[in-house]
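The lines below spell out each chain.
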Amino acid sequence: MNILQKFRETAVSVIPIIGIVVLLGLTVAPLEGDLIVRFIIGGILLIIGLTVFLLGIDTSILLIGEQCGSELTKRRNLPLLLGASFVIGFFVTAAEPDIQVLADQVRGVFPLVNKQLFIVMIATGVGFYITFGLLRTVLHLSLKIILAISYAFIFLLAAAGPQRFIGIGFDSGGATTGPMTVPFIMALGLGVSAVRTKSLNGTEDSQSDSFGLTGMASAGPIMAVLLYGILLSGHTDTGSSVTDPSAGYTAMQGVSVFAQIFPAVAKEAALSLLPVVVLFAVFQLILLHMPSHQISRILIGLVYSYIGLVIFLVGVNGGFMAAGYRIGELLGALAVGNGGWWTVLLVGTGLLIGAVVVCAEPAVWVLTDQVESISGGTIRRKVLLVFLSAGVAVSVGVAMIRAVLGFNLMYILVPGYAAALLLMPFCPKLFTGIAFDSGGVASGPICSTFVLSFTLGVSQSAGSNNDAFGVIALVAMTPLIAIQILGLEYSRKRKNI
């Protein structure tokens, strides 16, 4: 795919978000002119950054992950495969930008939480489940049974832990799968499954093994964080509330905010890429032994990935977070103060934002590209995006209702995951893997910044922004249902042919 095509597709995805916010900012939720200008500039930077980032991903991280997975499997050394996969999952996750943001926000609710230990728990959960996921692929274990048992255990932990930690636990599963982690995890799984595909002669079973690793990786941190919450359960009555994550950026005036945050963002992006670079160097020396021209191509791709990620994060942090929080605060105040049609407007805005924001997530593009490629074009990217958009729209709309009313998150998560698990026996295995992967990729940096900030603003207007936690969890949950419904329809049409 050439850069012009990538630019056109990312622009089509992001421009509707810009249009929605600008329209609201000029009408029912008037924003300061400075904030609107920053938001528009941030949107332009987001489009450019996402285009360059995806171009780099194609020629670097995806290739590294696939080569590592393939070579580790060819060695037929199971301890080596499992040990290396744990190390990869742990270190790539520990440097994920979304995890750093989430950890800071969690400390606003639970000051006794140790940020570094919190990150270590999440990274350990991801590393363990990536190892478990690759073992499943090698041994050809049932993804459906593993997911059912895992989520049954998750809900037992949720019942035993503090209620205020439930949203954080499920949010951690969504925030884990960000722009660095997802491409590498997916490529690693594809590399391992590619070796098995040769022995299975490209059957549907081999295709289904290509997906599901990201979905499993999302379950690990939920368990780890809920377990951490249980350990802290005797010390969680802090009475504190979440702070506005965009407060530091809001205090900065004018478009100079982008220049002011650039050094911090450049450092954050470098730390995100560093584990991938180090792992590539190690695996190149002891395992891959790629020719020099291939190494040069990968290094150029890593540079593109870094530049794109920096531009992307500068745009998101410099323009999107502050505008998202302010719009949510204004609409939330109208809904809480007046009710009626203002509440309908708030929920409708949430539905609309959810429908378009998922298309701006970097990892969504990586997943849909790979699904279309592996399925030989039988599963179209546009169809996947439609069902993903529908699922995420519902989740953000429900999050708006919860932010205003403040009801227990489990009232949504329990029936939602129950529905997803009940659909699994009837859904094709390929679509079950894609569905759980989709739940992870839908809750990326845009969700962790703009959507969470928007929800925090709404919840703050309702008097307590603790209820904003859980929106990432909802965004990660609804695709499990939506994509499996797509799988059922896909299966029905194939039977009628």
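Predicted, not measured: the structure shown is a model, and the values here were computed from it.

1. Comments concerning the overall build of the protein chain
The number of helices and strands found in the protein chain is 21 helices and 0 strands. Burial analysis of the protein chain (497 residues in total) assigns 60% to the buried set. About 18100 Å² of surface is accessible on the protein chain, with carbon and sulfur atoms providing 68% of the total.

2. Some thoughts on unusual backbone geometry
We note that arginine 76 has phi near 55 degrees; this positive angle belongs to a residue other than glycine. Among the residues examined, arginine 76 registers a relative accessible area of 77% and is labelled exposed. Notably, histidine 289 is not glycine yet its phi reads approximately 55 degrees, a positive angle. Tracing the chain through its elements places histidine 289 in the loop between α13 (257-288) and α14 (292-338).

3. Observations regarding the environment of glycine 167
Within the element layout of this structure, glycine 167 appears in helix α8 (residues 166-176). Separated by 305 residues in the primary sequence, glycine 167 and isoleucine 472 have C-alpha atoms spaced 8.5 Å apart. Discounting chain neighbours no more than four positions away, the residues touching glycine 167 are Leu409, Phe469 and Gly470.

4. Some points on the packing of helix α17 (residues 381-405) against helix α21 (residues 471-496)
Relative orientation of the contacting elements α17 and α21 amounts to 140 degrees, with a least axis distance of 8 Å. In terms of their interaxial angle, α17 and α21 are classed as oblique. When the axes of α17 and α21 are compared, the crossing they make is right-handed. In this structure, α17 contributes Val383, Leu384, Phe387, Leu388, Gly391, Val392, Ser395, Val396, Val398 and Ala399 to the contact, and α21 contributes Val471, Leu474, Val475, Thr478, Pro479, Ala482, Ile483, Ile485 and Leu486.

The rules behind the values
- Residues numbered from 1 in each chain as written.
- Predicted model: local features only at pLDDT ≥ 70, side-chain atom pairs only at ≥ 80, totals over all residues.
- Heavy atoms only, no water.
- Helix = DSSP H or I, 4+ residues; strand = E, 2+ residues; numbered from the N terminus.
- Buried < 20%, exposed > 50% of the residue type's maximum accessible area, 1.4 Å probe, protein only.
- Areas by Shrake-Rupley, 256 points an atom, 1.4 Å probe, with all protein chains shown as cover.
- Contact = heavy atoms within 4.5 Å.
- Axes fitted to C-alpha atoms, helices over the stretch in contact; angles between N-to-C directions.
- Parallel < 35°, antiparallel > 145°, perpendicular 65-115°, else oblique.
- Left-handed = near helix turned anticlockwise from the far one by under 90°.

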